[in-house]
Amino acid sequence: MSSLSPKTLLLRLGLRPKKALGQHFLVHPHQARRIVAALNLTGEETVLEIGAGLGALTSLLALAARRVIALERDPELARFLAEELLVESPGVQVICQDVLEFDFPGAAREAGRPLTVVGNLPYQITSPLLFGLIRDIAAIAQAVLMMQMEVGARLLASPGTKDYGILSVLIQYHFRVTRLFSLSPGNFYPPPLVDSVVLRMVPETAAPAALDAALLQQVVKAAFGHRRKTLNNTLVSGAAALGLSPEAMRAILAKLDIDPKRRGETLSTAEFVALSNRVATLRGVM
């Protein structure tokens, strides 16, 4: 790949960063190397790169993985990548596609193993993409993702803190999340307005399992439906939406020793799992 800076390379290509696509390109090669090193690749993986851009990660991934699927939504950058990598890296497949429309399970089946996912997530698609990773978790071995610091704080948040919410609970139930390092705006061109953080997400296997993952999500969303309201005003008063009576929901909370005067944002992931499992069990015998 070209050794030119992103700014110089874009100028040479006659292109500009597209704000609508959230394009911020890594400036320093050593940061790209840190991200790729965090994947601990063995050479057998199929890596899905989200937002390949100018190929800062792609060229490094091509040297370390068996196959790289480089997704790039911008057709001009996808064309550039395909032309640059065609000769250098035959193991790289450049696909011009929105990651929200990508078939993760299909790609994993074709690879014969779950995918390793890496990329810099544009702010406007971060939440829907993360919920998509939850949905397709069976197709994912691990993910190393760069995102805005505020989103990373939500994924790592503890119960009772201001950043703790629906995404915190559901991501922490499905994945073991580790903070790797942060990147200041000066590491990108053009520089974003906020710091970024790189997280590792590995599917969680040790936590208590939910009997019904879809119901867990429904219970969590119901508890956070009116933030800062008590469970009396969310789960109990809205119990019908979960197929229960208010009395049945009160009984479940009492059985689990969860005070209905608590707010949803104070419940741990384990408490939400226990709660949803009680709901699932009671609904099954009604």
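You'll find the structure just up there.
Residues numbered from 1 in each chain as written. Predicted model: local features only at pLDDT ≥ 70, side-chain atom pairs only at ≥ 80, totals over all residues. Heavy atoms only, no water.

### Focus on the pattern of salt bridges
Enumeration over the complete set of coordinates arrives at 6 salt bridges. The partner of Glu 110 in a salt bridge is Arg 67, with the nearest N and O atoms 3.7 Å apart. Within this pair, whereas Glu 110 is found in helix H5 (residues 104-111), its partner Arg 67 is found in strand S3 (residues 67-71), the two being separated by 43 residues in sequence. Take Arg 67: its relative accessible area is 18%, and that puts it in the buried class. Linking Arg 262 and Glu 271 is a salt bridge whose minimum nitrogen-to-oxygen distance equals 3.1 Å. (Salt bridge = Lys/Arg side-chain N within 4 Å of Asp/Glu carboxyl O. Helix = DSSP H or I, 4+ residues; strand = E, 2+ residues; numbered from the N terminus. Buried < 20%, exposed > 50% of the residue type's maximum accessible area, 1.4 Å probe, protein only.)

### What about helix H2 (residues 29-37)?
Of all the positions in H2, only Gln 31, Ala 32, Ile 35 and Val 36 are classed as buried. Seen end-on, H2 carries its buried residues on one side only, within an arc spanning 140°. (Arc of directions from axis to C-beta.)

### Section: the sheet that holds strand S9 (residues 196-203)
Taken in spatial order, the 7 strands make up an open sheet running S4-S3-S2-S5-S6-S9-S7, and their pairing is mixed. Of all the strands in the sheet, the pair left with one neighbour each is strand S4 (92-95) and strand S7 (175-183). Direction aside, neighbouring strands of the sheet carry axes that sit 15° apart on average. Pairing geometry for strand S2 (residues 46-50) and S3, over 5 bridges, is parallel. Bridge pairing in S3 places Ile 50 opposite Leu 71. (Pairing = 2+ DSSP bridges. Axes fitted to C-alpha atoms, helices over the stretch in contact; angles between N-to-C directions.)

### Let's talk about the nonpolar core
Counting residues in hydrophobic clusters, the biggest one holds 61 residues, and the most contacted among them are Leu 145, Met 249 and Phe 272. In contact with Leu 145, other than residues within four places in its own chain, are Ile 50, Val 117, Val 118, Gly 119, Leu 121, Leu 130, Leu 133, Val 197, Val 198, Leu 199 and Met 201. Formed by 31 residues, the second largest nonpolar core is a distinct cluster that contains Val 36, Ala 38, Phe 80 and Leu 85. (Core = buried A, V, L, I, M, F, W, Y, C linked by side-chain atoms within 4.5 Å. Contact = heavy atoms within 4.5 Å.)

### Some words on the packing of helix H7 (residues 149-156) against helix H8 (residues 166-174)
The relative placement of two packed helices is expressed as an angle between their axes plus a distance between the axes. Contact geometry for H7 and H8: axes closest at 7 Å, N-to-C directions at 60°. It follows from the interaxial angle that H7 and H8 lie oblique. Here Arg 154, Leu 155 and Leu 156 of H7 come into contact with H8, specifically with Leu 167, Ser 168, Ile 171 and Gln 172. Looking at side-chain class alone, the contact of H7 with H8 contains 4 nonpolar, 2 polar and 1 charged residues. (Parallel < 35°, antiparallel > 145°, perpendicular 65-115°, else oblique. Nonpolar A, V, L, I, M, F, W, Y, C, P; charged D, E, K, R; others polar.)

### Here we look at the side chain of Thr 46
On the secondary structure map, Thr 46 appears in strand S2. Among the polar contacts listed, one links the side chain of Thr 46 to the side chain of Arg 66, at a separation of 3.3 Å. Those residues in contact with Thr 46, other than ones at most four positions away along the chain, are Arg 66, Arg 67, Ile 69, Ala 111, Leu 115 and Thr 116. (Polar contact = N/O pair within 3.5 Å; in protein donor to acceptor, adjacent residues only side chain to side chain.)

### Quick word on the packing of aromatic side chains
Each pair of aromatic rings is reported with the distance of its centres and the angle of its planes. Counting across every chain of the model gives 3 aromatic pairs. Each ring, one from Phe 102 and one from Phe 104, has its centre 5.4 Å from the other, and the planes form 85°; the classification is edge-to-face. The pair formed by Phe 102 and Phe 104 is uniform in burial state, with each residue classed as buried. Pairwise contacts between aromatic rings join Tyr 164, Phe 224 and Phe 272 into one cluster. Looking at Arg 34, its charged tip hangs above the ring of Phe 181, at a distance of 3.8 Å from the centre. Just above the ring of Phe 131 sits the side chain of Lys 221; from NZ or CZ to the centre is 5.6 Å. (Phe/Tyr/Trp six-rings, centres within 6.5 Å; stacked < 30°, edge-to-face > 60°. Lys NZ or Arg CZ within 6 Å of the ring centre and 35° of its normal.)

### Details of the side chain of Asn 187
Mapped onto the fold, Asn 187 is located in the loop between S7 and strand S8 (188-189). Among the polar contacts made by the side chain of Asn 187, one reaches the side chain of Gln 31 at a distance of 3.2 Å.

### Some remarks on the pairing of S2
Taken across its 5 residues, S2 has 5 buried, putting it largely inside the fold. Of the two faces of S2, the one lined by Thr 46, Leu 48 and Ile 50 and the one lined by Val 47 and Glu 49 are each fully buried. Running through helix H3 (residues 58-64), the crossover from S2 to the neighbouring parallel element S3 is right-handed. Both S2 and strand S5 (residues 115-120) contribute to a ladder of 4 bridges, which runs parallel. What sits directly across from Ile 50, in S5, is Gly 119. (Right-handed = clockwise from strand over helix to strand, strands pointing away.)

### Points about H7
Within H7 the residues assigned to the buried category are Val 151, Gly 152 and Leu 155. All buried residues of H7 project into a common sector of 100° when viewed along the axis, lining one side. Next to the buried residues of H7 lie helix H6 (126-135), strand S6 (140-148), H8, S7 and S9.

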